[in-house]
Amino acid sequence: MFNPLIMKDSFKNFFSLFVFISFFFGCSDSSDSGAEEKEAEPAITISLDIYKKVYGTTSEITISGGYAYINTNGVPDHKSPYFKDTKWHDQKYQAYNEGEPNMFHRGSFHLNPNRVSELNLSFKIPNSPSKSSSPNTTGMGPIGVSLNGVPFYNQYAAMNAPLTQEINSFDNYNGHPAPLSPGAENGSGGKYHYHMEPFWLTSNAGKEALLGFLLDGFPVYGPEEKGKTISSSDLDSFHGHSHSTKEFINGIYHYHTTADAPYINGNGYYGSPGTVSQ
């Protein structure tokens, strides 16, 4: 005889079994898909040909033991008022052009007391960069190298102060020299560097061009991408993002210079930094 209670219980048991099987296989498919996506992530190894875009070197660029070795003297290949009274004065000195002022200045240009010096910079940079599992802050001094061999510095002036006042000492190509050592502002030497977009490079190579590398091995690009001007709000806390570029068609994490702070690099390095000696 038909019993509706038995029928109801049978239906509930069947439904519970169906839900369990669906959940089990649904979770299994999700796990397998995630594993496939993880395995599909390409390993990034930067070739020697790309490093050779750094032209302001004092010796051949080499790769050994997982690192690229880049040696420069830090002397810019463009003119500057900071060549005044140096051995390059006749060839490279050029007074600040008030008719085409630096767009970042917040007042009148003032020549700081330092001058360009020939340095001995040796960059040791990972040539298979990857995201670091722990934070690595940038220090004072070089945090990377630009294509013309001039070092990049972070977003701070001395004593980790904002660049607010120091910006007014940047020349027309957006660089200036720091003292050779603390307190050594004697008007005869200095360490020329960029805190921001190096105008000489972007004016020659374009606003979307590769500009250099930070010490963690990841590349630095200009302030535009696919015809759009990039701002810090378009980037992560390290001041970069990941996708394909002209040099890395399969994609790579990279930094951008921007007109707003932090300009080149944000909350430290995205990867694990190499070293620089000077």
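You'll find the structure just up there.
Residues numbered from 1 in each chain as written. Predicted model: local features only at pLDDT ≥ 70, side-chain atom pairs only at ≥ 80, totals over all residues. Heavy atoms only, no water.

Caption draft 1: The overall build of the chain, seen in detail. In terms of helices and strands, the chain carries four helices and 16 strands. Expressed as a percentage of its 278 residues, the buried residues of the chain come to 45%. Taking the intrachain contacts of the chain between residues at least 6 apart in sequence as the baseline, contacts between residues at least 24 apart amount to 66%. Approximately 14700 Å² of the chain is accessible, and the part contributed by carbon and sulfur atoms is 55%. (Helix = DSSP H or I, 4+ residues; strand = E, 2+ residues; numbered from the N terminus. Buried < 20%, exposed > 50% of the residue type's maximum accessible area, 1.4 Å probe, protein only. Contact = heavy atoms within 4.5 Å. Areas by Shrake-Rupley, 256 points an atom, 1.4 Å probe, with all protein chains shown as cover.)

Caption draft 2: Geometry of the environment of Ala178. Along the chain, Ala178 falls in strand β7 (residues 175-178). Through-space distance from the C-alpha of Ala178 to that of Asn114 is 6.4 Å; in sequence the pair is 64 residues apart. Filtering out sequence-adjacent residues up to four positions away, Ala178 remains in contact with Asn114, Gly190, Lys191 and His193.

Caption draft 3: Representation of the nonpolar core within the structure. Ranked by size, the top nonpolar core spans 43 residues in total, and within it Ile46, Ile70, Phe152, Phe213, Leu214 and Tyr255 carry the most contacts. Counting residues per element, the ones that place at least two in this core are α2 (48-51), β2 (67-72), β3 (121-126), β8 (191-194), β9 (210-214), β10 (219-221), β14 (252-256) and β15 (269-271). Of all the elements, β9 adds the most residues to this core, at four residues. Residues Phe104, Ile167, Met196 and Phe199 belong to the second largest nonpolar core, which totals eight residues. (Core = buried A, V, L, I, M, F, W, Y, C linked by side-chain atoms within 4.5 Å.)

Caption draft 4: Examining the packing of aromatic side chains more closely. Applying the stated criterion across every chain yields a total of twelve aromatic pairs. Taken together, a centroid distance of 5.5 Å and an interplanar angle of 75° make the contact between Phe218 and Tyr253 edge-to-face. In this pair, Phe218 sits in the loop between β9 and β10 while Tyr253 sits in strand β14, placing the two residues 35 residues apart along the sequence. Taking relative accessible area as the criterion, Phe218 reaches 3% and is therefore assigned buried. Taking relative accessible area as the criterion, Tyr253 reaches 5% and is therefore assigned buried. Seen in terms of ring centroids, Tyr253 and Tyr255 are 5.5 Å apart; in terms of plane orientation they differ by 90°. Their pairing is edge-to-face. Across this residue pair, the class does not change: Tyr253 and Tyr255 are buried. Lying over the aromatic face of Tyr67, Lys124 brings its terminal NZ or CZ to 4.5 Å of the ring centre. (Phe/Tyr/Trp six-rings, centres within 6.5 Å; stacked < 30°, edge-to-face > 60°. Lys NZ or Arg CZ within 6 Å of the ring centre and 35° of its normal.)

Caption draft 5: Expanded view of empty space enclosed by the protein. Taken as a whole, this structure holds one cavity of 30 Å³ or more when the rule is applied. The space that makes up the largest cavity amounts to roughly 30 Å³. Lys79, Ser80, Pro81, Gln94, Ala95, Asp171, Asn172 and Tyr173 are the residues that line the largest cavity. Across the lining of the largest cavity, the residue classes tally to three nonpolar, three polar and two charged. (1 Å grid on protein atoms, 1.4 Å probe; cavity = no way out; pocket = protein on both sides within 12 Å on 5 of 7 lines; lining within 4 Å. Points joined across faces, edges and corners; volume = space filled by probe spheres on them. Nonpolar A, V, L, I, M, F, W, Y, C, P; charged D, E, K, R; others polar.)

Caption draft 6: How the structure looks around the sheet that holds strand β1 (residues 62-64). Spatial ordering of the open sheet is given by β1-β2-β3-β16, a layout of four strands whose pairing is antiparallel. Strand pairing shows two members of the sheet lacking a second neighbour, β1 and β16 (275-277), which therefore form its edges. Strand after strand, the sheet turns through a mean of 20° between neighbouring axes, direction not considered. In the sheet, β2 pairs with β3 via six bridges, with the strands oriented antiparallel. Paired with Thr72 across the strands is Leu121, a residue of β3. (Pairing = 2+ DSSP bridges. Axes fitted to C-alpha atoms, helices over the stretch in contact; angles between N-to-C directions.)

Caption draft 7: Quick look at the side chain of Ser146. Relative to the assigned elements, Ser146 resides in strand β5 (residues 144-146). A polar contact of 2.7 Å, which involves the side chain of Ser146, links it to the side chain of Asn148. Beyond its immediate stretch of four places on either side in the chain, Ser146 contacts Val54, Phe152, Tyr194, Leu201, Leu211 and Gly212. (Polar contact = N/O pair within 3.5 Å; in protein donor to acceptor, adjacent residues only side chain to side chain.)

Caption draft 8: Spatial organisation of the pattern of salt bridges. By the definition in use, this model includes four salt bridges. A salt bridge links Lys53 to Glu247; the nearest nitrogen and oxygen atoms lie 4.0 Å apart. With Lys53 in the loop between α2 and β1 and Glu247 in the loop between β13 (240-243) and β14, this pair connects stretches of sequence that are 194 residues apart. Taking the relative accessible area as the measure of exposure, Lys53 reaches 36% and is therefore partly exposed. (Salt bridge = Lys/Arg side-chain N within 4 Å of Asp/Glu carboxyl O.)

Caption draft 9: Region of the structure containing the layout of surface pockets. Here the largest pocket is characterised by a volume of approximately 480 Å³. What lines the largest pocket is a set of 25 residues, among which Met140, Tyr153, Ala158, Ala178 and Pro179 lie closest to the centre. Within the residue set of the lining of the largest pocket, elements represented by two or more residues are β7 and β8. No other element matches β7, which puts three residues into the lining of the largest pocket. Partitioning the lining of the largest pocket into residue classes produces 13 nonpolar, nine polar and three charged.

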